[in-house]
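These are the residues of each chain, in order.
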Amino acid sequence: MSNTLALRTHCEAGAAAIIDEQAHVYSMEWSAMAATCGLLVMPVPARHGVPDRDRVAWALKKAAAGFPARGVVCLENTHNAAGGTVMTAAETAALAALAREAGVPVHLDGARIFNAAVALGVDVRELVAPADSVSFCLSKGLSAPVGSILAGSSAFIDRARQVRRSFGAAMRQAGVIAAPGLVALRTMIPRLGDDHARARRLAEAIAVLPGVSVDLGTVQTNIVNVDTAALGLDAAAFNTRLMSHGLRALPGMGTALRLVTYRGVSDADIDSAIAAFRAAVHAS
């Protein structure tokens, strides 16, 4: 909802949304940009979640030449599909400068932006400063039961509230949701480093096992992506095997399996997960 609100607030129907080809708003939020916002996606390639600058520049030039309305550039930090990789403030600023030169706003899907800030050791304000709007989750690593925040200028938020009401998305008694969100922001950010350390330990233990692979270069925060191709099993089949050893992961498309650490995963749980992977791999 927060991402869709941002895109619809920034743009009119018929505009272009320049987004990396694996971005969550493109690959996992389904048809919201088309059905609700009337936007045409212009996907660009990215490495570890950072869109290619030349391709973004090309897309901006093409959008300026033929689209009837101002578009938007959407970035993601950390990048879910890339494995929780982070985008630095300099990388964000360089892409935002291209958009600003073209007169196009930048929205940052910062669902796990505090994970990025902790991983980079910088103030979160430094990471979001180049963007015109940012969304972030109070759940996920911050561990609130539910909720996301959309932030931007006062004028932007005033307009976003009007757009939200047009979606039928206004909510009364929202304080019961806001209260744990405040607890999350006040108490949960410093401990995100524990999640990162546990994810790294898990990834390194899995990476040495035969038949499964992990790109350790992508394990920068709390997500571990595992490829099961060399076992001759797809992710769903391997996950069934893991479950028989007491561990449940998230199978994706083909042979991609995802594991995520958060407040509810302890060092002992990582030990158990490593043991389950060893047993599942050697069961073949």
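Up top is the structure.
Computed from a predicted model, the values in this text were never measured in an experiment.

Draft legend 1. Local environment of the overall build of the protein. The helix and strand inventory of the protein stands at twelve helices and eleven strands. Taking the principal axes of the C-alpha coordinates as reference, the protein spans close to 60 × 45 × 35 Å. Expressed as a percentage of its 284 residues, the buried residues of the protein come to 46%. Here the analysis covers contacts within the protein between residues at least 6 apart in sequence; of these, 68% occur between residues at least 24 apart. Per element, the accessible surface of the protein, about 13,500 Å² overall, is 55% carbon and sulfur. One way to put it: in the protein the 26 positive side-chain charges average out to a point 7 Å from where the 23 negative ones average out.

Draft legend 2. A look at the packing of aromatic side chains. Within the structure shown, the criterion is met by two aromatic pairs. With a centroid separation of 5.4 Å and 85° between ring planes, the pair formed by Phe 114 and Phe 136 is classed as edge-to-face. On the criterion of sequence distance, the pair formed by Phe 114 in helix H6 (residues 113-120) and Phe 136 in strand E7 (residues 133-137) is long-range, its members being 22 residues apart. With 5.6 Å between their ring centres and 50° between their planes, Phe 238 and Phe 277 make a pair best called tilted. Placement of Phe 238 in helix H11 (residues 235-243) and of Phe 277 in helix H12 (residues 267-282) is noted, with a sequence separation of 39 residues between them. Judged by its relative accessible area of 0%, Phe 277 is buried. If you follow Arg 55 out to its NZ or CZ, it ends over the ring of Trp 58, 5.9 Å from the centre.

Draft legend 3. Layout of unusual backbone geometry. For the bond from Asn 77 to Thr 78, the omega torsion is -5°, close enough to zero to count as cis. Looking at where Thr 78 falls in the secondary structure, it is placed in the loop between strand E5 (72-76) and helix H5 (89-101). Despite not being glycine, Ser 143 shows a phi value in the positive range, around 70°. Along the chain, Ser 143 falls in the loop between E7 and strand E8 (148-152). The phi angle at Gln 173 is positive, at roughly 50°, despite the residue not being glycine. Among the structural elements, Gln 173 can be located in the loop between helix H8 (154-166) and helix H9 (175-187). Under the relative-accessibility criterion, Gln 173 is labelled exposed at 58%.

Draft legend 4. Representation of the nonpolar core within the structure. Ile 18, Leu 60, Val 73, Leu 75, Val 106, Ile 113 and Phe 114 are the most contacted members of the largest nonpolar core, which has 36 residues in total. Ranked by size, the runner-up nonpolar core spans 27 residues in total, among them Ala 199, Ile 206, Ala 235 and Ala 273.

Draft legend 5. Summary view of the side chain of His 10. One can find His 10 in helix H1 (residues 2-10). Taking the relative accessible area as the measure of exposure, His 10 reaches 8% and is therefore buried. Leaving out residues up to four positions away in the same chain, His 10 has contacts with Arg 70, Val 72, Pro 105, Val 106, His 107, Asp 132, Ser 133 and Phe 156.

Draft legend 6. Spatial organisation of the sheet that holds strand E9 (residues 223-227). Reading across from one edge, E9-E11-E10 is the order of the three strands in this open sheet, with antiparallel pairing throughout. Of all strands in the sheet, those with a lone pairing partner are E9 and strand E10 (250-251), marking the two edges. Bridge count between E10 and strand E11 (residues 256-260): two bridges; the pairing is antiparallel. Residue pairing in the sheet places Leu 250 in a bridge with Arg 258 of E11. The strands touched by helix H10 (residues 192-207) within the sheet are E9 and E11, with E9 carrying the most contacts at an inclination of about 15°.

Draft legend 7. Quick peek at H6. Among the residues making up H6, those that are buried are Ile 113, Phe 114, Asn 115, Ala 116 and Ala 117. Where the residues of H6 are buried, they touch strand E6 (106-109), helix H7 (124-128), E7, H9 and H10.

Draft legend 8. Structural detail: the pattern of salt bridges. Scanning all chains against the criterion turns up six salt bridges. One salt bridge connects Arg 201 with Asp 271, and the closest N-O pair in it is separated by 2.9 Å. One end of the pair, Arg 201, is in helix H10; the other, Asp 271, is in helix H12, with 70 residues separating them in the sequence. Residue classification places Arg 201 among the partly exposed residues on the basis of a relative accessible area of 32%.

Procedures and definitions
- Residues numbered from 1 in each chain as written.
- Predicted model: local features only at pLDDT ≥ 70, side-chain atom pairs only at ≥ 80, totals over all residues.
- Heavy atoms only, no water.
- Helix = DSSP H or I, 4+ residues; strand = E, 2+ residues; numbered from the N terminus.
- Buried < 20%, exposed > 50% of the residue type's maximum accessible area, 1.4 Å probe, protein only.
- Contact = heavy atoms within 4.5 Å.
- Areas by Shrake-Rupley, 256 points an atom, 1.4 Å probe, with all protein chains shown as cover.
- Lys, Arg positive; Asp, Glu negative; His and termini not counted.
- Charge placed at Lys NZ, Arg CZ, Asp CG, Glu CD.
- Phe/Tyr/Trp six-rings, centres within 6.5 Å; stacked < 30°, edge-to-face > 60°.
- Lys NZ or Arg CZ within 6 Å of the ring centre and 35° of its normal.
- Core = buried A, V, L, I, M, F, W, Y, C linked by side-chain atoms within 4.5 Å.
- Pairing = 2+ DSSP bridges.
- Axes fitted to C-alpha atoms, helices over the stretch in contact; angles between N-to-C directions.
- Salt bridge = Lys/Arg side-chain N within 4 Å of Asp/Glu carboxyl O.

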